[in-house]
Amino acid sequence: MPAPLPFNSPPWVNAYVIESGEGLLMIDCGTDWEPGREALMRGFAELGLDPAAVHTLVVSHLHPDHVGMASRLVREWGWRFVMHSSAARLVPEYNDTPGYYRRIERIGKAHGAPEAMIAAATSAPRPSYMPLLDPPDHTVDDGDVIDLGGGRRLEVLHTPGHDRAHICLLDNRARVFFSGDHVLPRISPVVMYDGESDVLGEYLDSLRRLVVIGIGITYPAHGTLIDHGGERARQIMLHHDRRLLDMAGLVREGRATAWEVMLRSFRPNLNAIESRLALLETISHLDHLRAVGRIREDVVEGRVFYRV
Ligand SMILES: [Zn+2]
């Protein structure tokens, strides 16, 4: 059930409904706004399904285009709300807009972003389409199974990278893989440095698992179906390899901040949101190059410079 989003990139999210022994299980639900809600209700009607028959909503990860409407739906319909166990720490973070803005300001200043960009990225009020989120009723971890009845199960894969809470679900019978944003057709999900660990390294490890398992038909959260999820994962790994090589090359030309590397790696004239995402994506690459020993970082008066 494609649900429109209040922004252009990406323009919609795919919510999935799976028939199980005792009702329906839903994966992702979109942002909390009226066109999205209408699209879901229309989707149920077109499929001849009743939203009251849903017993469980699983969200692939904690981004508003996947989880934004969850609390409204869960309260309205009494669904059981399920996400990855890191929710205990990450739901309070999701609800803390001032805390998020403080982190963006700290990272932006340390990595050379101009004051105007930082101000633009940290001044907007919390969007109405991402109201505060209630904690889940139930959490899952890597290797857990969600029993659908009749011998059919969804196997949980924890796939951190795009989000620390990200999970994918593998239908053990149909072998259909629900990838969330972990692999998408045509675009690669943003991998955002958060100051904690080598997030790109974790993302690449999560992609490698799909190649090893040999994931086939894949239902992503944005865009159309992917024939071979494992192949798509390999393409995205190559994209990051190339970008790592390019960024290492830029650092080799001379000491640089992440902001300077970002300006030379992405197209010009990014808006405030795109600049923030591009900077975090750039730092995740530079930090990965640092973590694997290919470049170094110097901190001079609170500012991070990368060099070979
Ligand atoms: Zn998404």
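Look up: the structure comes first, before these words.
These remarks concern the structure in this document. (Residues numbered from 1 in each chain as written. Predicted model: local features only at pLDDT ≥ 70, side-chain atom pairs only at ≥ 80, totals over all residues. Heavy atoms only, no water.)

**Some thoughts on the nonpolar core**
Now for step 1: The biggest cluster of nonpolar side chains holds 46 residues, and the ones touching the most others in it are L207, L286 and Y306.
Now for step 2: Residue assignment for this core shows that the elements contributing at least two residues are α5 (97–110), α6 (115–121), β10 (167–171), α7 (199–213), α8 (229–252), α9 (258–265), α10 (272–291) and β14 (303–307).
Now for step 3: Dropping the residues within four chain positions of it, Y306 is found in contact with H111, V251, G254, R255, A256, A258, I283, L286, D287, I295, R296 and E297.
Now for step 4: Counting residues in each nonpolar core, the second largest holds 31 residues, with A39, M69, M83 and L90 among its members. (Core = buried A, V, L, I, M, F, W, Y, C linked by side-chain atoms within 4.5 Å. Buried < 20%, exposed > 50% of the residue type's maximum accessible area, 1.4 Å probe, protein only. Helix = DSSP H or I, 4+ residues; strand = E, 2+ residues; numbered from the N terminus. Contact = heavy atoms within 4.5 Å.)

**Thoughts on the coordination of the zinc ion**
When four donors bind a metal tetrahedrally, each ideal donor-metal-donor angle is 109.5 degrees, and when six bind octahedrally, the ideal angles are 90 or 180 degrees.
Now for step 1: All of the protein donors around the zinc ion are D65 (OD), H66 (NE2), D181 (OD) and H222 (NE2); their distances to the metal are 2.0 to 2.2 Å.
Now for step 2: Here the zinc ion is ringed by four donor atoms whose angles at the metal span 87 to 160°, and the overall shape comes out irregular. (Donors = N, O, S within 2.8 Å, 3.2 Å for Na, K, Ca; no water. Tetrahedral: all angles 85-135°; square planar, octahedral: opposite > 155°, others 65-115°.)

**Focus on the side chain of T31**
Now for step 1: Structurally, the position occupied by T31 is in the loop between β4 (23–27) and α1 (34–46).
Now for step 2: Contacts of T31, omitting those with residues within four sequence positions, involve P4, L5, P6, F7, P64, D65, G68, M69 and Y129.

**Observations regarding the packing of aromatic side chains**
Geometrically, a pair of aromatic rings is defined through the distance of the ring centres and the angle of the planes.
Now for step 1: In this structure the tally under the stated criterion is five aromatic pairs.
Now for step 2: Arranged with centres 6.4 Å apart and planes meeting at 45°, the rings of Y100 and Y101 form a pair that is tilted.
Now for step 3: Judged by relative accessible area, which is 25%, Y100 ranks as partly exposed.
Now for step 4: The exposure class assigned to Y101 is buried, which follows from its relative accessible area of 17%.
Now for step 5: An aromatic cluster is present here, built from Y16, F178 and Y219 joined pairwise through their rings.
Now for step 6: It is R255 that lies over the ring of F305; its NZ or CZ is 4.0 Å from the centre. (Phe/Tyr/Trp six-rings, centres within 6.5 Å; stacked < 30°, edge-to-face > 60°. Lys NZ or Arg CZ within 6 Å of the ring centre and 35° of its normal.)

**A look at the pairing of strand β9 (residues 152–158)**
Now for step 1: Pairing between strand β8 (residues 145–149) and β9: four bridges, direction antiparallel. In the sheet register, V145 faces β9, and the bridge partner there is E155.
Now for step 2: Counted between consecutive antiparallel strands, the loop separating β8 from β9 contains two residues, among which G150 sits at a positive phi close to 65°. (Pairing = 2+ DSSP bridges.)

**What to know about the state of the cysteines**
Now for step 1: A full pass over the atoms with the stated rule returns zero disulfides.
Now for step 2: You can see C29 has no disulfide; the closest cysteine sulfur is in C168, sitting 17 Å from it.
Now for step 3: Take C29: its relative accessible area is 1%, and that puts it in the buried class.
Now for step 4: Residue class for C168 comes out buried when judged on its relative accessible area of 0%. (Disulfide = S-S within 2.5 Å.)

Remember, this is a structural readout, not a statement about activity or role.
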